[in-house]
Amino acid sequence: MDSPALSGSATPGLGETALGVRRAFERVAQAGESIFESGEPSDAFYVLLAGEVLLLDTSRGGVSRLVARLGPGDSVGETDSLLG
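Quick caveat, the model's predicted, so the values are computed rather than measured.

Considering the overall build of the chain
For step 1, the next point in the chain: Scanning the chain from terminus to terminus reveals 3 helices and 4 strands.
For step 2, the next point in the chain: Counting from the amino terminus, the chain carries its helices and strands in the arrangement α-α-β-β-β-β-α.
For step 3, the next point in the chain: Looking at the chain residue by residue over its 84 residues, the buried ones come to 11%.
For step 4, the next point in the chain: Pairs at least 24 residues apart make up 35% of the contacts formed inside the chain by residues separated by at least 6 positions.
For step 5, the next point in the chain: With an accessible surface of roughly 6,700 Å², the chain has 56% of that area assigned to carbon and sulfur atoms.

Describing the pairing of strand β3 (residues 63-70)
For step 1, the next point in the chain: Here strand β2 (residues 53-60) pairs with β3 via 6 bridges, running antiparallel. The residue bridging Arg-60 from the neighbouring strand is Val-63, located in β3.

Here we look at the side chain of Asp-57
For step 1, the next point in the chain: Take Asp-57: it is sitting in strand β2.
For step 2, the next point in the chain: Sequence-distant contacts of Asp-57, defined by excluding residues within four places in its chain, comprise Ser-38, Val-63, Ser-64, Arg-65 and Val-67.

Some thoughts on the nonpolar core
For step 1, the next point in the chain: Grouped together as the largest cluster of nonpolar side chains are 5 residues: Tyr-46, Leu-48, Val-53, Leu-70 and Val-76.
For step 2, the next point in the chain: Leave out the neighbours within four places in its chain, and Leu-48 touches Val-53, Leu-70, Gly-71, Pro-72, Gly-73, Asp-74 and Val-76.

Basis of the calculations
- Residues numbered from 1 in each chain as written.
- Predicted model: local features only at pLDDT ≥ 70, side-chain atom pairs only at ≥ 80, totals over all residues.
- Heavy atoms only, no water.
- Helix = DSSP H or I, 4+ residues; strand = E, 2+ residues; numbered from the N terminus.
- Buried < 20%, exposed > 50% of the residue type's maximum accessible area, 1.4 Å probe, protein only.
- Contact = heavy atoms within 4.5 Å.
- Areas by Shrake-Rupley, 256 points an atom, 1.4 Å probe, with all protein chains shown as cover.
- Pairing = 2+ DSSP bridges.
- Core = buried A, V, L, I, M, F, W, Y, C linked by side-chain atoms within 4.5 Å.

In structure tokens, the structure reads:
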């Protein structure tokens, strides 16, 4: 007889667990929404699953300068998250 952990009858499968973790931490941003401001610490480590994020520097008198364009698989906020 299989144990419940091996048969999956009492324990969620890896896919179900991963989906639960993703849902718990997933954040959906709307087009044009600011995730965090330039020069301010990030509140999280983000990995883009879809879409794109523009990193803009607005430190020069309010004029925005494109620093980077990030897409799926790219990350942002890792420095603040890792170094505090």
